[in-house]
Amino acid sequence: MSSNTGLEITGVNKVFRSGGRTVQALENISLSLSAGKVGVLLGPSGCGKSTLLRMVAGLEKPSEGDINLNGRAVSQPGRDRGMVFQDYTSFPWLSVRENVAYGLRINGDRSALNEGTVDHFIQAVGLEKFANAYPHQLSGGMRQRVAIARTLANYPELLLMDEPFGALDPETRWQMQDLLLNVVRKERNTVLIVTHDIEEALYLGDVVYFLSRHPGRLNETIHTDFKAGLPEGDREAFLKSEDYRRLELHIRRLMREEGRDAA
Ligand code: ADP
Ligand code: MG
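Student: Report on the site of ligand 1, specifying residues and quantitative values.
Tutor: Residues in close proximity to ligand 1 include Phe16, Val23, Ala25, Pro44, Ser45, Gly46, Cys47, Gly48, Lys49, Ser50 and Thr51, which together make up its full environment. Here an oxygen atom of ligand 1 and a backbone polar atom of glycine 46 are 2.7 Å apart. Contact between ligand 1 and glycine 48: an oxygen atom at 3.0 Å from a main-chain N or O atom of the residue. Here ligand 1 has 560 Å² of accessible area as a free molecule, and 62% of this is covered by the chains. Of all the elements in the fold, those that place two or more residues in the shell around ligand 1 are strand 2 (21-34) and helix 1 (49-57). Take the shell around ligand 1: its biggest share by element is three residues, from helix 1.

Student: How would you sum up the nonpolar core? Please name residues and give values.
Tutor: Of all hydrophobic cores here, the largest spans 50 residues; its most connected members are Ile148, Leu159, Met161, Leu180, Ile193, Leu202 and Ile251. Discounting chain neighbours no more than four positions away, the residues touching leucine 180 are Ile148, Leu159, Met161, Phe165, Ile193 and Leu204. Counting 25 residues, the second largest nonpolar core, distinct from the first, contains Ile9, Leu53, Val194 and Tyr209.

Student: Requested: an account of the packing of aromatic side chains, with residues and values cited.
Tutor: Following the criterion strictly, the structure yields six aromatic pairs and no others. Ring plane angle 70 degrees and centroid distance 5.0 Å describe the contact between tyrosine 203 and phenylalanine 238, whose orientation is recorded as edge-to-face. Taken together, the positions of tyrosine 203 in helix 6 (residues 198-204) and phenylalanine 238 in helix 7 (residues 235-240) put the pair 35 residues apart, joining distant regions of the chain. Accessibility classification places tyrosine 203 together with phenylalanine 238 in one group, the buried group. Between the aromatic rings of phenylalanine 226 and phenylalanine 238, the centroid separation amounts to 6.2 Å while the plane-to-plane angle is 15 degrees, which identifies the pairing as stacked.

Student: Tell me about the sheet that holds strand 1 (residues 6-18), residues and numbers included.
Tutor: Judged by pairing direction, the sheet is antiparallel, and its four strands sit side by side in the order 2-1-4-5 without closing on themselves. Of all the strands in the sheet, the pair left with one neighbour each is strand 2 and strand 5 (72-73). Where strand 1 meets strand 2, ten bridges bridge the pair, whose relative direction is antiparallel. The residue of strand 2 that forms the bridge with lysine 14 is leucine 26. Here helix 1 sits on the sheet and contacts strand 1, strand 2 and strand 4 (64-69); the angle it forms with strand 1, its principal contact strand, is near 115 degrees.

Student: Report on the domain arrangement of the chain, specifying residues and quantitative values.
Tutor: You can read the domains of the chain as domain 1 (1-80 + 174-263) and domain 2 (85-155). Spacing between the C-alpha centres of domain 1 and domain 2 amounts to 26 Å. The partner domain 2 presents 13 residues to the seven residues of domain 1 that form the contact. Of all residues in domain 1, the largest losses of buried area upon contact with domain 2 belong to Arg79, Met176 and Glu187, amounting jointly to 56% of the total for that side.

So, how was this worked out
- Residues numbered from 1 in each chain as written.
- Chains lettered and ligands numbered in written order.
- Predicted model: local features only at pLDDT ≥ 70, side-chain atom pairs only at ≥ 80, totals over all residues.
- Heavy atoms only, no water.
- Near = heavy atom within 4 Å.
- Polar contact = N/O pair within 3.5 Å; in protein donor to acceptor, adjacent residues only side chain to side chain.
- Areas by Shrake-Rupley, 256 points an atom, 1.4 Å probe, with all protein chains shown as cover.
- Helix = DSSP H or I, 4+ residues; strand = E, 2+ residues; numbered from the N terminus.
- Core = buried A, V, L, I, M, F, W, Y, C linked by side-chain atoms within 4.5 Å.
- Buried < 20%, exposed > 50% of the residue type's maximum accessible area, 1.4 Å probe, protein only.
- Contact = heavy atoms within 4.5 Å.
- Phe/Tyr/Trp six-rings, centres within 6.5 Å; stacked < 30°, edge-to-face > 60°.
- Pairing = 2+ DSSP bridges.
- Axes fitted to C-alpha atoms, helices over the stretch in contact; angles between N-to-C directions.
- Domains from an automatic or database assignment.
- Buried area = accessible area lost by both parts, 1.4 Å probe.

As structure tokens, this is what we get:
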């Protein structure tokens, strides 16, 4: 079923050609993510997660197939999509507030509007006390919060994240996952996140797209409806739940089969 709101990927293939070599990175990917939902691209290293995300961002073109966001074809990068990378992309010479305001400034928003928006998102990621600090004075998790605030301040229709918490220690990573869920639920963002971490995928995703590799195919789509019956933000209840354990084991098996195929 196709809908006009959300992300719609239809029959996407991606072949890389360099020198005489060709690599088929993705084969016949079709998926749809409804507006306001968190989708996760999960799969082993090299299965094409980043390639798919970059195509949604418009940084890369599909060899075949279509990508539509809210009824419009994606053909190049645009302000309707905001991307957060794993490495901290804040500017060291700008304060937290200036970093968050930066995207608004280059997009030419009125400054009166900016101040409210900037403060709103600094608050949303819990950095009020650090608004005038510089990136080198912040921890890795805090710098990642700056990147999220800066991206959200542009009100993207789709937030794209490629292994955003991959470089963080486990404790900070858990905090960042909760913070992200809080913010995107409140702002009703549509989000597409790449990870190879099963727990992260199931914890963050309303829907998890599991990709197999060589070439990357959509192997299974998992809806995490079971979380509706759990207390929100209670990781322990989540990890202990029967459904989580079953799904985690199931995906672990799929990953292991992938590993065998590759060996
Ligand atoms: P993942 O993010 O899941 O680890 P990638 O999307 O980075 O996977 O890569 C998928 C496949 O496409 C890999 O085999 C990779 O080597 C290949 N690939 C990615 N980008 C390029 C490129 N620019 N040129 C050639 N091959 C590429
Ligand atoms: Mg990648």
